[in-house]
Amino acid sequence: MFDTLSQKLAQTVKTMRGQARLTEANTSEMLREVRLALLEADVALPVVRELIARIKEKAMGEEVIGSLSPGQALVGVVQRELTEIIGGGADVAGRNPSEINLAAQPPAIILMVGLQGAGKTTTTGKLARWLREQRKKKVLTVSCDVYRPSAIAQLQTVSAQAEVDFLPSESCQKPLDIAHAALDWAKKHHHEVLIVDTAGRLGIDQAMMDEVSALHAALDPIETFFVVDAMLGQDAVNTAKAFGDALPLTGVVLTKLDGDARGGAAMSVRHVTGKPIKFVGTGEKLDGLEAFNPERMASRILGMGDILALVEEAQKTVDIEQAQKLAQKIKKGGFDLEDFREQIGQMRKMGGIGNLIDKLPAQFAQAASKANTDDADKQVRRMEGIINSMTSQERAKPELIKASRKRRIAAGAGVQVQEVNRLLNQFEQMQTMMKKLKGGGMMKMMRAMGGMKGLGGLGGGGLPPGMRRPR
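Small disclaimer: the values here were computed from a predicted structure and weren't measured. Throughout this document, residue positions are counted from 1 along each chain, in the order its sequence is written. Reporting of local features is limited, given that this is a predicted model, to residues whose pLDDT is at least 70; pairs of side-chain atoms are given and counted only at 80 or more, and all residues count toward the totals for whole chains, interfaces and linings. For side-chain calculations, the full set of non-hydrogen atoms in the structure is used, while hydrogens and water are omitted.

Engineer: Looking at this structure, I do not really get the overall build of the chain. What am I missing?
Structural biologist: Numbering of helices and strands runs from the N terminus; a helix is a DSSP stretch of H or I covering at least four residues, while a strand is a stretch of E covering at least two. Along the chain, the regular secondary structure elements total 21 helices and 8 strands. Burial classification: accessible surface area is computed with a 1.4 Å probe over protein chains only, and a residue below 20% of its type maximum counts as buried, one above 50% as exposed, and the rest as partly exposed. Within the chain, buried positions represent 48% of all 471 residues. Counting only carbon and sulfur atoms, one obtains 51% of the accessible surface of the chain, whose full area is about 23100 Å². For the area figures, the Shrake-Rupley method with a 1.4 Å probe applies, and any residue is considered shielded solely by the protein chains shown.

Engineer: What is the right way to read the packing of helix α7 (residues 175-188) against helix α8 (residues 206-219) from this model?
Structural biologist: For any two helices packed against each other, the geometry comes down to the angle between their axes and how far apart the axes lie. At their nearest, the axes of α7 and α8 sit 10 Å apart, and the two run at 25° to each other. Between α7 and α8, the angle is such that the two are roughly parallel. In this structure, α7 crosses over α8, and the sense of that crossing is right-handed. Seen from α7, the contacting residues are Pro175, Leu176, Ala179, His180 and Leu183; seen from α8, they are Glu211, Ala214, Leu215, Ala218 and Leu219. Only C-alpha atoms enter the line fits that serve as axes; for helices the fit covers just the stretch in contact. Angles between N-to-C directions range over 0 to 180 degrees. Roughly parallel covers angles under 35 degrees, roughly antiparallel covers those over 145, roughly perpendicular covers 65 to 115, and oblique covers all other angles. Throughout, a crossing is termed right-handed when the near helix is turned clockwise from the far one, and left-handed when it is turned anticlockwise from it by less than a right angle. The criterion used for residue contact is that any of the two residues' heavy atoms lie within 4.5 Å.

Engineer: Hey, could you run me through α8 in this one?
Structural biologist: An α-helical turn contains 3.6 residues, so a residue and the one three or four places further along point in the same direction. Take the residue count of a helix, subtract one, and multiply by 1.5 Å to get its expected span. In a regular helix each residue adds 1.5 Å, so 14 residues correspond to 20 Å; α8 covers 20 Å between its end C-alpha atoms and thus fits that length. By the burial criterion, the buried members of α8 are Met208, Met209, Glu211, Val212, Leu215, His216 and Leu219. The arc that holds the buried residues of α8, viewed along the axis, is 165°, so those residues lie on one side. When the buried face of α8 is taken as reference, the exposed residues oriented beyond 90 degrees from it are Gln206 and Ala217. Directions drawn from the helix axis to the C-beta atoms are what define this arc.

Engineer: Help me understand the sheet that holds strand β1 (residues 108-113), please; the structure alone is not making it clear to me.
Structural biologist: Sheets are built from strands that pair by backbone hydrogen bonding, the pairs being arranged parallel or antiparallel. Any two strands with at least two DSSP bridges between them are considered paired. As summarised here, the arrangement of the 8 strands in space is β3-β2-β4-β1-β5-β6-β7-β8, forming an open sheet in which the pairing is mixed. The open sheet terminates on both sides in strands that have one partner only, identified here as β3 (165-167) and β8 (289-291). Averaged over all pairs of adjacent strands, the angle between strand axes in this sheet comes to 25°, irrespective of strand direction. Pairing geometry for β1 and strand β4 (residues 193-197), over 5 bridges, is parallel. Bridging from a neighbouring strand, isoleucine 110 pairs with isoleucine 195 of β4. Across the sheet, helix α5 (residues 120-134) touches β1, β2 (139-143), β4, β5 (223-229), β6 (251-255), β7 (277-281) and β8, and the angle it forms with β4 is around 170°. Contacting β2, β3 and β4, helix α6 (residues 151-162) crosses the sheet at an angle of about 165° to β2.

Engineer: Looking at this structure, I do not really get the packing of α5 against α6. What am I missing?
Structural biologist: Between α5 and α6, the shortest axis-to-axis distance is 9 Å and the interhelical angle comes to 25°. The orientation of α5 relative to α6 falls into the category roughly parallel. Handedness of the crossing formed by α5 with α6: right-handed. Touching Thr121, Thr122, Thr124, Gly125, Arg129 and Arg132 of α5 are Ala151, Gln154, Leu155, Val158 and Ala162, all from α6.

Engineer: Looking at this structure, I do not really get the packing of aromatic side chains. What am I missing?
Structural biologist: Any pair of aromatic rings gets described here by the distance separating the centres and the angle formed by the planes. Between rings of Phe, Tyr and Trp, where Trp is taken as its six-membered ring, a pair exists when centres lie within 6.5 Å; planes separated by under 30 degrees are stacked, by over 60 edge-to-face, and by other angles tilted. On inspection of all chains with the given rule, the structure shows 3 aromatic pairs. The interplanar angle of 80° and the centroid separation of 5.0 Å between the aromatic rings of tryptophan 130 and phenylalanine 279 together place this pair among those described as edge-to-face. Taken together, the positions of tryptophan 130 in helix α5 and phenylalanine 279 in strand β7 put the pair 149 residues apart, joining distant regions of the chain. Each member of the pair, tryptophan 130 as well as phenylalanine 279, carries the same accessibility label: buried. Between phenylalanine 225 and phenylalanine 279 the ring centres are 6.2 Å apart and the planes differ by 65°, which places this aromatic pair in the edge-to-face class.

Engineer: Help me out: how do you make sense of the environment of serine 171 in this one?
Structural biologist: Along the chain, serine 171 turns up in the loop between β3 and α7. C-alpha separation for the pair serine 171 and arginine 148, spaced 23 residues apart in sequence, amounts to 8.8 Å. Among residues more than four places away in sequence, those in contact with serine 171 are Val146 and Ile152.

Engineer: Can you help me understand the environment of isoleucine 86 in this one?
Structural biologist: Its place among the elements puts isoleucine 86 in helix α4 (residues 70-87). For isoleucine 86, a relative accessible area of 0% corresponds to the buried category. Placed 184 residues apart in sequence, isoleucine 86 and arginine 270 show a C-alpha to C-alpha distance of 5.9 Å.

Engineer: Would you mind showing me how to read the side chain of arginine 395 here?
Structural biologist: Relative to the elements of secondary structure, arginine 395 occurs in helix α18 (residues 392-396). On the accessibility criterion, arginine 395 (10% relative accessible area) is buried. Each polar contact in these results corresponds to two N or O atoms within 3.5 Å; when the atoms are within protein, one needs to be able to donate a hydrogen and the other to accept it, and residues that are neighboring in sequence are counted only if both atoms are side-chain atoms. A distance of 2.9 Å separates a polar side-chain atom of arginine 395 from the backbone oxygen of isoleucine 387. A polar contact is formed between the side chain of arginine 395 and the backbone oxygen of methionine 390, at a distance of 2.9 Å.

Engineer: So what exactly am I meant to see when it comes to unusual backbone geometry here?
Structural biologist: The phi angle of most residues is negative, glycine excepted, and most peptide bonds adopt the trans form. Cis geometry is adopted by the peptide bond preceding proline 107, which originates at proline 106 and carries an omega value of 0°. Inspection of the secondary structure assignment puts proline 107 in the loop between α4 and β1. Not every positive phi belongs to a glycine, and lysine 136 is a case in point at roughly 55°. The topology assignment puts lysine 136 in the loop between α5 and β2. One non-glycine residue with positive phi stands out, namely aspartate 220, at about 50°. Counting through the fold element by element, aspartate 220 comes out in the loop between α8 and β5.

Right, here's the structure in full:
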């Protein structure tokens, strides 16, 4: 999302050189480009107008200090104002508006509302998992959607995957009766959080609004989350406003943020509704939910990447003990195909190559995106399949793998023998690198790889062919 805006800003940074101060003359062209890029991204017009006005006001006369160019200084202003408009500052009590509020007599009730297809049920499961893992809460989920076929069964499935409790309900029951029964059950069984999934419609209608309003009045939730598909663009903003007028919303959850749409909702929803974005969701997997951070979202929008998210992802998925064992093994000169497979598995746990690239700064991501990341992910899975087709002895001693073994491994993995050869060659290259690391020959290795001339000298080493750096 926002690739056009990122590219336009990057181009402007290059063109604004050699000036000591930001002025109306040298910023007008960039602001015009930013305005066009925001409109192309389907950001609501009132949001565009306010953002441009704020940037212009803050940028005028700003000194260009240190090693910054005027373009870089202006990008800094854009980032600060973008952060403010999509996230806002602390409230009167000094709290971050994006933080989830659980300060209530247990159970703290969270009501999930939104249109059908926005991803409410999946998001309910993701949120339940997040609360269990991040906040160590005992969570109960319940579905009040008695209209959509299999809605109750879907929530039961995702709740089981999230490893939280689920209260069964029937399509013949009334939503209010389900809600009262769930609250009573949560109190009796000492649940700390109750998440209530509600029915949606394909469009706004009075019956749905009356139902969710009645549920809200009966439950008095601490949080009422409007779940909206980020790919809806301008429609997302209009829908959010309609729900905001009918209910005292406390926050917004943006789903499908990894989609290919223009994504203006991410910048428009908070401004139009006055409600903070609390979470953003990506993909169908239950770990695809992040607490919203406006500063980091602004960095991603501006093509600066989100390295902190990458680090957090690594901390969650990488087995530290296993990594330490591998480090010790490398020190002793050992690195086999079993270790190679584990490294591939760790990368896949982090969401694959596409997910890693998405969080890199634009200059790195653009270089990598020239390669087909989908093909690269397929190649990585194929490599894993080839290694899985080997015996434990072959993984420990790859030198045993001769012609007849290669044919057997290829047949087992469903690939050509040439692919087995390619994998073994890539492994040998990585093994050579590991030996040089072990011997303290890092500088020698970098020189050998052309690394002393900058990262552009890397030839792709042990990466799958689809991810080699383009020349």
